[in-house]
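Understanding the architecture of this molecule
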Amino acid sequence: MNSKYLYIGFAALFGTSLRTGIGLIAAGASFPYSTLVINIVASFALVVLYEVFRKHELLPPMVITAVGTGLIGSFSTMSSVAYDTASFIQTGEYLLAIANYSLNMILCLLGAAAGLLAARLIMRPKKRKGLA
Amino acid sequence: MDKLRPMLPVSFPWTTMVVNIAACYFIGLINGHGFFPAFQTMACTGFLGGFSTMSTLNDDALSLLRNGKILRFIVYLGMTYGCCLIGCMLGIYAF
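The paragraphs below set out a description of the structure included in this document. Because the structure is predicted, anything quoted here is derived from the model rather than measured.

**Remarks on the overall build of chain A**
- Scanning chain A from N- to C-terminus turns up 5 helices and 0 strands.
- Taking 2.2 N^0.38 as the reference for a compact globule, 132 residues should give roughly 14 Å; the C-alpha atoms of chain A span a radius of gyration of 18 Å, well beyond that estimate.
- Referenced to the eigenvectors of the C-alpha coordinate spread, the extents of chain A come out at roughly 65 × 40 × 25 Å.
- Residue burial in chain A is summarised as follows: out of 132 residues, 39% are buried.

**A few points about the interface of chain B and chain A**
- The partner chain A presents 30 residues to the 27 residues of chain B that form the contact.
- Of all elements in the fold, only helix H1 (14-33), helix H2 (37-51), helix H3 (55-66) and helix H4 (70-92) of chain B reach the threshold of two or more residues within the side of chain B that touches chain A.
- By residue number, the principal contributor to the side of chain B that touches chain A is H3(B), which donates 7 residues.

**Quick look at the environment of B:Phe73**
All names here are of chain B.
- With respect to the helices, strands and loops of the structure, Phe73 is situated in helix H4.
- For Phe73, a count of 19 C-beta atoms within 10 Å puts it in the partly exposed group.
- When the C-alpha positions of Phe73 and Ala43 are compared, they lie 30 Å apart, and in sequence the two are 30 residues distant.
- Sequence-distant contacts of Phe73, defined by excluding residues within four places in its chain, comprise Ala61, Leu64 and Leu65.

About the criteria used
Residues numbered from 1 in each chain as written. Chains lettered and ligands numbered in written order. Predicted model: local features only at pLDDT ≥ 70, side-chain atom pairs only at ≥ 80, totals over all residues. Helix = DSSP H or I, 4+ residues; strand = E, 2+ residues; numbered from the N terminus. Rg over C-alpha atoms; globule rule 2.2 N^0.38 Å. Buried ≥ 20, exposed ≤ 12 C-beta atoms within 10 Å, placed from the backbone. Contact = placed C-beta atoms within 7 Å.

Written out as structure tokens, the structure reads:
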């Protein structure tokens, strides 16, 4: 159904606006901290969404897609990371370039792994007291 | 993209990778050369920023790892990060 793209697009409005807004708050810093934090949070959130809500069918598929691909997907960004890194290379700030790229790579992957751990903790079967 | 997929090896997140690399090339192209500010914001922060994704990238990578596809995991991350940066620089130095 083509309405899927409408929902994704609509959710993407919020993700993009949120990212831009946070970026504006943190504007003027010498290092793109906001992009890094946004990407880590998004990586964590997407895995939690999939491993808790999608896997256990707690939300309808359309909502999962809209929130996952639309909201979270557009909230996170790879192009900004690449462009900021390329800018650092252009200005000769090679250390910052390496730092920006590797921090995003490592911390976001760890964020995703943390999301998996969190999902498993949340969905862990609770022990019942009393009758077994 | 979906028409190409049957030809390609399965279980590799080609779509995400191609999307990310393309977005990085275009942000290099647009931001690197400068257009009038409204278009630049709309195209770069707006469209390309939303089009590219870090969250799906890492979810894909994690899935590959969990399914034991270690080599694909390394290739996926290596190619994505490598080609994204190269693509971006190609865009910046395009003309």
